[in-house]
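What the coordinates show
Residue-level listing of the chains:
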Amino acid sequence: MDPVEIAAAPDAGPGPAWQSKCPWGTPNTTSMSCSLADVMSEQLAKELQLEEENAVFPEVVAVTEGPFITGDNVDTSSDLMLAQMLQMEFDREYDAQLRREEKKINGDSKVSISFENYRKVHPYDSDSSEDEVDWQDTRHDPYRADKPTTTPRKGFIGKGKDITTKHDEVVCGRKNTARMENFAPEFQVGDGIGMDLKLSNQVFNALKQHAYSEERRSARLHEKKEHSTAEKAVDPKTRLLLYKMVNGGLLETITGCISTGKESVVFHAYGGKSATEEKEIPAECAIKVFKTTLNEFKNRDKYIKDDYRFKDRFSKLNPRKVIRMWAEKEMHNLKRMQNAGIPCPEVVILKKHVLVMSFIGQDQVPAPKLKDVTLSSEDMRKAYYQILNMMQQLYKECNLVHADLSEYNMLWHDGKVWLIDVSQSVEPTHPHGLEFLFRDCRNVSQFFQKVGVAEALNERELFNAVSGLNITADSEVDFQAKIEALEKVNEDHVQKQGKKLSMFPSNGDPPIYDE
Ligand code: ADP
Ligand code: MN
């Protein structure tokens, strides 16, 4: 274990309440006062050089090595994470022991036996996790006769009474026993071969399954470890971007990580001084770093490639630039919301795939998500009406559909609901815009019905109330079909006209859906 991990361990487990409130563990003043410049200066020189040289996207580096999260700030709240770290450590020790045994067995012999495949921390681990180790077929089978007795295509050998099929119990049983030797070394199988033990297929398969899942378990842990570091990671280019923001005075300090999601990592920072003095930088900021690992964004393409605002650019861009567009999209959408007076983070600055905005929360503690907050029924009712209002404003004034609206993306702060996470928000005329809206409505009405707000409209009523459309339908399926039909009408119109049909007549009233 490296020192960082050891230092982190004692903080583990359920701590006092204030600790669980603070998602990046113990706020440690000493670590925070450590200037970014001190830690980074040497590294920076290297990175500046790297920045220009690296044509290939640089390797992901864990933030834990970086300046923002020092050893004390490593997230130790997760027991799972700790368990995994421990397991990794055991695995590493196990491998070391294996190496010693390998050495002892091989000695000076010219022929050596490799224990490679029994290793837990496999040297090719990063891409071996998906490799199924087909040990059963590739290892030597001691029961194989000198003359190979392969079972022919027809599936049997011999004649009449002496016929032996591949299912022959005795042969098969012995083979199974022999194959057991191929289980990993720690899997105690005893001297089955010496005893001429015949294992039935059923028993063998059960054992094999067990041995196999043990191996997979270790592979899975490695995978998780990979992910957990990747989740907390920003690549060198991003770190440089963040460093520049601190160095330039835009940010005072970056204190820690608020959230790691599939597509983004969010940090907390204290705001610095604005260069222009025109606009004050918020005292506390949230930095949303859109992940530059591309996989997760692939399935979100539909949100952006059909958004006409980005359509022309989308096709010409490489995937990394598309990710910047996500950040840009979030910025544009937040600005629209800001203009409409919807409570949401205020954009501070956008740099490539890094969006700095005002922090919703206080003293490094982010505002709770609506799903996590306990509200009086009166407050819950107020929250509901506020959301209904915001959804209407979003649709009518901002010309947007949130498209990921749920109790996860609504924060409760200052006695009201704040909307966040709008990178995927689209205009209602998006080819799937109304479907997204319907999904939003479903999430919202289900949540408020669950928490017992009696006034909460059902999803269809909410959809009509927000969109101003007047869709009537006998069933949910029917309703959805009508939504899709409406989208299709719009698409067809676009095809013919070459431009988007506005969902809004010039008088600003939403159209009435006419059957
Ligand atoms: P994701 O796409 O990962 O869901 P979000 O924008 O929802 O990204 O951010 C993830 C989490 O980070 C949020 O659930 C919230 O807890 C926190 N967060 C994001 N932006 C802010 C902000 N401006 N202020 C406070 N917390 C924020
Ligand atoms: Mn979110």
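Scroll up a little and you will see the structure.
Parameters and conventions
- Residues numbered from 1 in each chain as written.
- Chains lettered and ligands numbered in written order.
- Predicted model: local features only at pLDDT ≥ 70, side-chain atom pairs only at ≥ 80, totals over all residues.
- Heavy atoms only, no water.
- Helix = DSSP H or I, 4+ residues; strand = E, 2+ residues; numbered from the N terminus.
- Expected span 1.5 Å × (residues − 1).
- Near = heavy atom within 4 Å.
- Polar contact = N/O pair within 3.5 Å; in protein donor to acceptor, adjacent residues only side chain to side chain.
- Areas by Shrake-Rupley, 256 points an atom, 1.4 Å probe, with all protein chains shown as cover.
- Nonpolar A, V, L, I, M, F, W, Y, C, P; charged D, E, K, R; others polar.
- Domains from an automatic or database assignment.
- Donors = N, O, S within 2.8 Å, 3.2 Å for Na, K, Ca; no water.
- Buried < 20%, exposed > 50% of the residue type's maximum accessible area, 1.4 Å probe, protein only.
- Pairing = 2+ DSSP bridges.
- Axes fitted to C-alpha atoms, helices over the stretch in contact; angles between N-to-C directions.
- Parallel < 35°, antiparallel > 145°, perpendicular 65-115°, else oblique.
- Contact = heavy atoms within 4.5 Å.
- Phe/Tyr/Trp six-rings, centres within 6.5 Å; stacked < 30°, edge-to-face > 60°.
- Salt bridge = Lys/Arg side-chain N within 4 Å of Asp/Glu carboxyl O.

**A few points about helix H14 (residues 319-340)**
Between the first and last C-alpha of H14 there are 32 Å, a value that for 22 residues agrees with the 32 Å anticipated at 1.5 Å per step. At the C-terminal side of H14, Gly-341 shows a positive phi close to 80°.

**Comments concerning the site of ligand 1**
In the vicinity of ligand 1 there are 16 residues, among which Ser-264, Lys-288, Ser-358, Ile-360 and Asp-421 approach most closely. Measuring from an oxygen atom of ligand 1, one finds a side-chain N or O atom of Ser-264 at 3.0 Å. Within the side chain of Asn-409, one N or O atom sits 3.1 Å away from an oxygen atom of ligand 1. Relative to its unbound accessible area of 530 Å², ligand 1 is 91% covered by the protein chains. Taken together, the residues of the shell around ligand 1 sort by class into 8 nonpolar, 5 polar and 3 charged. Among the domains, domain 2 (233-366) and domain 3 (368-500) are the pair contributing at least three residues each to the shell around ligand 1.

**Structural notes on the coordination of the manganese ion (ligand 2)**
Bound to the manganese ion (ligand 2) on the protein side are Asn-409 (OD1) and Asp-421 (OD), at distances that span 2.2 to 2.3 Å. Of the two residues, Asn-409 sits in the loop between helix H15 (377-396) and strand E10 (410-413) while Asp-421 sits in the loop between strand E11 (416-419) and helix H16 (433-450), which places them 12 residues apart along the sequence. Judged by its relative accessible area of 8%, Asn-409 is buried.

**Observations concerning the environment of Asn-470**
Among the structural elements, Asn-470 can be located in the loop between helix H17 (459-467) and helix H18 (476-497). In this structure, the C-alpha to C-alpha distance between Asn-470 and Arg-460, residues 10 residues apart in sequence, is 9.7 Å.

**Describing the pairing of strand E4 (residues 264-271)**
In terms of residue burial, E4 counts as a mostly covered element, since 7 of its 8 residues are buried. In terms of strand pairing, strand E3 (residues 251-260) meets E4 through 7 bridges, oriented antiparallel. Of the residues in E4, the one forming a bridge with Ser-259 is Val-266. From the end of E3 to the start of E4, which pair antiparallel, there are 3 residues. As paired elements, E4 and strand E5 (residues 284-290) share 7 bridges and run antiparallel to each other.

**Describing the packing of H15 against H16**
Where H15 meets H16, the closest approach of the two axes is 11 Å, and the angle between their N-to-C directions is 175°. Compared by their axis directions, H15 and H16 come out roughly antiparallel. Two secondary-structure elements touch here, H15 through Met-380, Ala-383, Tyr-384, Ile-387, Met-391 and Tyr-395 and H16 through Leu-434, Leu-437, Asp-440, Cys-441, Val-444, Phe-447 and Phe-448. Taken together, the residues that form the contact of H15 with H16 break down as 12 nonpolar, no polar and 1 charged.

**Things to note about the sheet that holds strand E6 (residues 347-351)**
Strands sit in the order E3-E4-E5-E7-E6 across an open sheet of 5 strands; the sheet is antiparallel. Strands at the two margins of the open sheet, each flanked by one partner only, are E3 and E6. For this sheet, the mean angle separating the axes of adjacent strands, direction not counted, is 20°. Running at roughly 160° to E6, H14 makes contact with E5, E6 and strand E7 (354-358) of the sheet.

**Focus: the packing of aromatic side chains**
Tallied over the entire structure, the rule returns 6 aromatic pairs. Ring geometry for Phe-438 and Phe-479: centres 5.1 Å apart, planes at 35°, overall tilted. Taken together, the positions of Phe-438 in helix H16 and Phe-479 in helix H18 put the pair 41 residues apart, joining distant regions of the chain. Through successive ring pairs, a cluster of aromatic residues spans Tyr-384, Tyr-385, Phe-447 and Phe-448.

**Regarding the pattern of salt bridges**
Within the structure shown, the criterion is met by 10 salt bridges. Note that Lys-371 is salt-bridged to Asp-372, the shortest N-O span being 2.9 Å. Using a relative accessible area of 36% as the deciding quantity, one classes Lys-371 as partly exposed. Residue class for Asp-372 comes out partly exposed when judged on its relative accessible area of 47%. A network of salt bridges, in which partner residues are shared, links Lys-288, Glu-330 and Asp-421.

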